[in-house]
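Reading the structure
Below are the chains, spelled out letter by letter.
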Amino acid sequence: MKNVLVAAVLLASVQPCLAETCQEKFVRVMTERNSSSEPVRIHVTQEIVGGMKSANWNLQDGKGNWRTEMIDPETMPWSMVVDNVLYSSSDKGATWKKEREMDTGASPETVAAMLAERAKSVRDAECGEEELDGAMYETVAAGYDMNGGYEVQDKYWINPDTGFIPKLVTKMKGSGFESLSTQLIEPAPGLEITKPE
């Protein structure tokens, strides 16, 4: 009995050390969120302060392929990457033109290394809870630095039961540039992005 009591006291004293801090949680979410192999559909709105506003659908198949379908302005071309080749379409996906081979900057390994580097500058993390579409979600927000002298502030909404992130808001500021983008993310089971003919 004495050994059990000692073990329980030791375990209780170790538990707080194992708890994830808010900053550690933000870094984990930021660096691991793109590792999912599940297809998603993302509604993206972006506003450049003093400039253009845009909205699009970004479809990702979980295998590294994606397609962006412009909503507003609807005259802007669509784009797509399949098997590391970039295509564009000026007729809403009816026909596609091969633009170029993508460089290795888009590889999963390169993206992971880039996110790990950004994570070193994470600061001012804040965690909380917030309602979204009638349900409560965990939130985590923080600032960090990006190449080119940009300061970025991300805020994630996280489903506490599944870990899925249905919303991300990003504010970016640099020399003479400021933008705000909102991503509304939903699962898209069965989504496939195929090479154009």
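First, a word on scope: everything that follows refers to the structure included in this document. (Residues numbered from 1 in each chain as written. Predicted model: local features only at pLDDT ≥ 70, side-chain atom pairs only at ≥ 80, totals over all residues. Heavy atoms only, no water.)

**Details of the pairing of strand β1 (residues 40-48)**
Spelled out, the test is: When DSSP finds at least two bridges between two strands, those strands are taken to pair. Put simply, DSSP marks the helices as runs of H or I at least four residues long and the strands as runs of E at least two long, and each gets a number from the N terminus on.
Examined bridge by bridge, β1 and strand β2 (residues 53-60) share eight bridges and lie antiparallel to one another. Paired with glutamate 47 across the strands is lysine 53, a residue of β2. Connecting β1 to the next strand, β2, in antiparallel fashion are four residues, including glycine 50 with a positive phi near 75 degrees.

**Some points on the nonpolar core**
We count it as follows: In these notes, a set of buried Ala, Val, Leu, Ile, Met, Phe, Trp, Tyr and Cys residues joined through side-chain atoms within 4.5 Å is what counts as a nonpolar core. Note on classification: 1.4 Å probe, protein chains only; a residue is buried when its accessible area is under 20% of the maximum for its type, exposed when over 50%, partly exposed between these limits. Any two residues whose heavy atoms approach within 4.5 Å at even a single point are treated as in contact.
Counting 18 residues, the largest nonpolar core has Phe26, Met30 and Tyr156 as its most contacted members. Taken together, the elements giving at least two residues each to this core come down to α2 (22-32), β1, β8 (135-146), β9 (150-158) and β10 (167-174). When near neighbours in sequence (up to four residues on either side) are disregarded, methionine 30 contacts Leu115, Arg118, Ala119, Val122, Tyr144 and Tyr156. Core analysis: the next-biggest nonpolar cluster, separate from the first, contains eight residues, Val85, Tyr87, Ala188 and Leu191 among them.

**So, the packing of aromatic side chains**
Two numbers describe a pair of aromatic rings. These are the distance of the centres and the angle of the planes. Heads up, the rule is: When two rings of Phe, Tyr or Trp (its six-membered ring) have centres within 6.5 Å they constitute a pair, described as stacked for plane angles under 30 degrees, edge-to-face for angles over 60, and tilted for the intermediate range. Throughout this description, the term charge over a ring refers to an Arg CZ or Lys NZ atom that lies within 6 Å of the ring centre and within 35 degrees of the ring normal.
Taken as a whole and assessed by the stated rule, the structure comprises three aromatic pairs. Where phenylalanine 26 meets tyrosine 144, the ring centres are 6.3 Å apart and the plane angle is 45 degrees; that geometry is what we call tilted. Of this pair, phenylalanine 26 sits in helix α2 while tyrosine 144 sits in strand β8, and the two are 118 residues apart along the sequence. Both residues of the pair, phenylalanine 26 and tyrosine 144, belong to the buried class. Geometrically, the ring pair formed by tyrosine 150 and phenylalanine 177 is edge-to-face, given 6.0 Å between the ring centres and 85 degrees between the ring planes. Of the two residues, tyrosine 150 sits in strand β9 while phenylalanine 177 sits in strand β11 (residues 177-187), which places them 27 residues apart along the sequence. A relative accessible area of 27% means that tyrosine 150 is categorised as partly exposed. One aromatic cluster is present, built from ring pairs that chain together Phe26, Tyr144 and Tyr156. Positioned above the aromatic ring of tryptophan 57, the side-chain terminus of arginine 41 is 3.7 Å from the ring centre. Over the face of the ring belonging to tryptophan 157 we find lysine 167, whose NZ or CZ atom lies 4.5 Å from the ring centre.

**As for the sheet that holds β8**
Note the threshold: Only C-alpha atoms enter the line fits that serve as axes; for helices the fit covers just the stretch in contact. Angles between N-to-C directions range over 0 to 180 degrees.
Reading across the sheet, the eleven strands line up as β6-β5-β4-β3-β2-β1-β11-β10-β9-β8-β7 and stay open at both edges, with antiparallel pairing between neighbours. Looking at strand neighbours, the two that pair on one side only are β6 (97-101) and β7 (123-132), the edges of this open sheet. Strand-to-strand, the axes of this sheet are offset by a mean angle of 20 degrees, without reference to chain direction. In this structure, strand β3 (residues 66-72) lies alongside strand β4 (residues 78-82), joined through three bridges in antiparallel fashion. Along β4, the bridge assignment pairs threonine 68 with serine 79. Packed on one face of the sheet, α2 meets β7, β8 and β9 and runs near 85 degrees to β8.

**Considerations on the side chain of serine 88**
Heads up, the rule is: Pairs of N or O atoms within 3.5 Å make up the polar contacts considered here, provided that, within protein, one atom can donate a hydrogen while the other can accept it, and that residues adjacent in sequence are counted only when both atoms are side-chain atoms.
Its place among the elements puts serine 88 in strand β5 (residues 85-89). A polar atom in the side chain of serine 88 sits 2.5 Å from the side chain of glutamate 99. When sequence neighbours within four positions are dropped, the list of residues in contact with serine 88 reads Trp78, Ser79, Thr95, Trp96, Lys97 and Glu99.

**Structural notes on the pattern of salt bridges**
Short version of the rule: Here, a salt bridge means any side-chain nitrogen of Lys or Arg that lies within 4 Å of a carboxyl oxygen of Asp or Glu.
Taken as a whole, this structure holds nine salt bridges when the rule is applied. One salt bridge in this structure joins lysine 25 and glutamate 138, with 2.7 Å as the shortest N-O distance. Within this pair, whereas lysine 25 is found in helix α2, its partner glutamate 138 is found in strand β8, the two being separated by 113 residues in sequence. Look at lysine 25 and you get buried, because its relative accessible area is 14%.

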